[in-house]
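Spelled out, the chains give:
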Amino acid sequence: MSISELARPTHRDIDATTAIAAAPSAAQRTTPYADALERHARRVSTQLMVPGHGGTATGVSGRLADFFGERLLQLDVPMLVDDVDLGDNSPYEQALALAAEAWGARRTWFLTNGASQANRTVALALRGLGEGIVMQRSVHSSFIDGMLVADLVPTYVMPSIDHRHGVAHGITVAALTEALERADASGVTPAAVYVVSPSYFGAAADLRALADLAHAHGVPFIVDGAWGPHFGFHEQLPASPIELGADLVISSTHKLAGSLTQSAMLHLAEGPFADVLEAQINRAMSMTASTSSSALLRASLDIARHALVNGHDQIGEAIAAANAFRDRVRADGRLAVLSDEFGRFDDIVDLDPLHIVIDVSVAGLGGHWVRQELIDRHALFFEMSTATSIVAIVGAGKVPDYAAVFDALIDVITSPRADRVRGETPVAFPTLPDPGALRRTARQAYFAESEVVDASRAIGRVSADTLAAYPPGIPNVIPGEEITAETVAFLQAVAASPTGHVRGAIDPGVQRMRVLRTN
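Throughout what follows, the structure given in this document is the object of discussion. All values reported here derive from a predicted model rather than from experimental measurement.

**Describing the packing of helix α2 (residues 32-43) against helix α5 (residues 91-102)**
Where α2 contacts α5, the two axes come as close as 7 Å, and the packing angle between them is 155°. Judged by the inter-axis angle, α2 sits roughly antiparallel to α5. Here P32, Y33, A36 and R39 of α2 lie close against α5, whose contacting residues are P91, Y92, Q94, A95 and L98. The residue inventory of the contact of α2 with α5, partitioned by class, reads seven nonpolar, one polar and one charged.

**Observations concerning the layout of surface pockets**
In this structure, the largest pocket spans a volume of roughly 830 Å³. Around the largest pocket, the lining comprises 39 residues; the ones closest to its centre are H140, Y200, W227, Y470 and G473. Secondary-structure elements contributing two or more residues to the lining of the largest pocket are α6 (114-127), α7 (141-150), β5 (167-168), α10 (253-256), β14 (384-385) and β19 (501-503). It is α6 that provides the largest number of residues to the lining of the largest pocket, a total of four residues.

**Observations concerning the nonpolar core**
Counting residues in each nonpolar core, the largest one holds 94 residues, and the members touching the most others are V122, M135, Y194, L266, F325, L374 and L409. Counting residues per element, this core draws most heavily on helix α15 (residues 402-413), which supplies eight residues. Beyond its immediate chain neighbours, meaning those up to four positions away, M135 contacts F143, I144, M147, P154, T155, Y156, V157 and Y194. Judged by nonpolar contacts, the second largest core, of 26 residues, contains V134, V193, V223 and I242.

**Re the environment of L354**
For L354, the location among the structural elements is in the loop between β12 (350-351) and β13 (355-359). According to the relative accessible area criterion, L354 is buried, its value standing at 0%. The sequence separation of L354 and H267 amounts to 87 residues, and the corresponding C-alpha distance is 22 Å. The contact partners of L354, leaving out residues within four places of it in the chain, are H230, L256, A318, I319, A322, R326, A392, I393, V394, G395 and A396.

**Re α2**
Taking 1.5 Å per residue as the helical rise, α2 with its twelve residues ought to reach 16 Å, and the 17 Å between its terminal C-alpha atoms agrees with that figure. Residues of α2 that are buried include every one of P32, Y33, A34, A36, L37, H40 and A41, and no others. Packed against the buried residues of α2 are α4 (70-75), α5 and α12 (295-310).

**Side note on empty space enclosed by the protein**
With the rule as written, the count across this model stands at six cavities of 30 Å³ or more. The computed volume of the largest cavity comes to approximately 70 Å³. Lining the largest cavity, in full, are W103, G225, G228, P229, F231, S240, P241, I242, V249, S251 and H267. Looking at the lining of the largest cavity residue by residue, the classes come out as six nonpolar, five polar and no charged.

Analysis parameters
- Residues numbered from 1 in each chain as written.
- Predicted model: local features only at pLDDT ≥ 70, side-chain atom pairs only at ≥ 80, totals over all residues.
- Heavy atoms only, no water.
- Axes fitted to C-alpha atoms, helices over the stretch in contact; angles between N-to-C directions.
- Helix = DSSP H or I, 4+ residues; strand = E, 2+ residues; numbered from the N terminus.
- Parallel < 35°, antiparallel > 145°, perpendicular 65-115°, else oblique.
- Contact = heavy atoms within 4.5 Å.
- Nonpolar A, V, L, I, M, F, W, Y, C, P; charged D, E, K, R; others polar.
- 1 Å grid on protein atoms, 1.4 Å probe; cavity = no way out; pocket = protein on both sides within 12 Å on 5 of 7 lines; lining within 4 Å.
- Points joined across faces, edges and corners; volume = space filled by probe spheres on them.
- Core = buried A, V, L, I, M, F, W, Y, C linked by side-chain atoms within 4.5 Å.
- Buried < 20%, exposed > 50% of the residue type's maximum accessible area, 1.4 Å probe, protein only.
- Expected span 1.5 Å × (residues − 1).

Below is the structure:
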């Protein structure tokens, strides 16, 4: 099933993009914070303050200026500067307001420590609403970290899994319903529901239905939308999570929206939970934000917002080019488009056309091998690979040379080197095990006295670490959970394969595990 054949309940019910993107205001055509930085750089003659390079190429800063250019040093100003981020309605406040307007939010925060900062901030904020959290199991490790620090008690929702390709997708309404019932039965009232959409592979869940379900249970709906910061800015893209009922959205703006690496945004929607969430986010942000946030990263967020709002036609060209590339792959027949199979999964209701997933296993080759060959032979870097596939991530409004990409793919899969490895049997991983019983909170287990034992002796003990096998990248063990025989077998099987690894393991083969002391 192709992208165009998927039912799309996540798409907006109108024929245009969000109102702000369809008809940008005059203010949306400006970049107030970036412009203020430029004005400040032009007026400074001598800078006797941090950062230590002083904004010039003199002295020991010569190599830095040679590497980046002196202009970057001039724009790299500290926080708390008049007419940049100080004063009533400062340029920084204007930039934040324009970002909130662009994404349809009540309020937006700029982040200079990535979406990981947003995840930790949200976890801390939610603890002020309650001790429970109903959450998708395949979350980013930064939310696990935040859950641990905040001492949240999780009730997990398992995503759908494509076991053949090692891909974790999203969650269904039925799965969330069951998890909410388990949370109610446990006596730990959840503070919120937390899900991930889109996935690393561009698959979008039915956020509107999931949001309605969370709200019917009286809790806010949080979306890690790190891989969809551009959603809602073109009619051929999925709608933004806020349009679909999310109360908080984590947006990794640098991933596809074009800001600099490590810059991100957190969006708060208007709604019944807005007042309490805003107060809690403000408190938590003071604990997670740097007191020396990068002006360069903030400016890049201001510029990325401007580009998305005013770049409708360019985004459309990028989508058309990506779709044409898929069509060429399909027509050729020697490779396949993995998203054509996504219709088999009930959780997937929409796709991001700028995530391009190519199944190379139909050519008898492994994804990791093909990705490395593309790097070695053509200096062509795909975002990631699995045992069967390679994933391209294309920025909104960007059109790479797809003809050259296709030619490089064909060159690699038809090379003599490919003939020597073609047909090697991929490793069959065991079935993904269910999580062990939660014996302690993650925080209690993480800070408890622990010891390292042989994996066979860890069975039945309580884990002190987080372990996640790739593929598919779902945390298999979290601090406080009981380690099961099935989990140990799964982790060791993945670790022993040439295409897998276990993040967080003490040793590569998962022969030892860190557990809580029993005496």
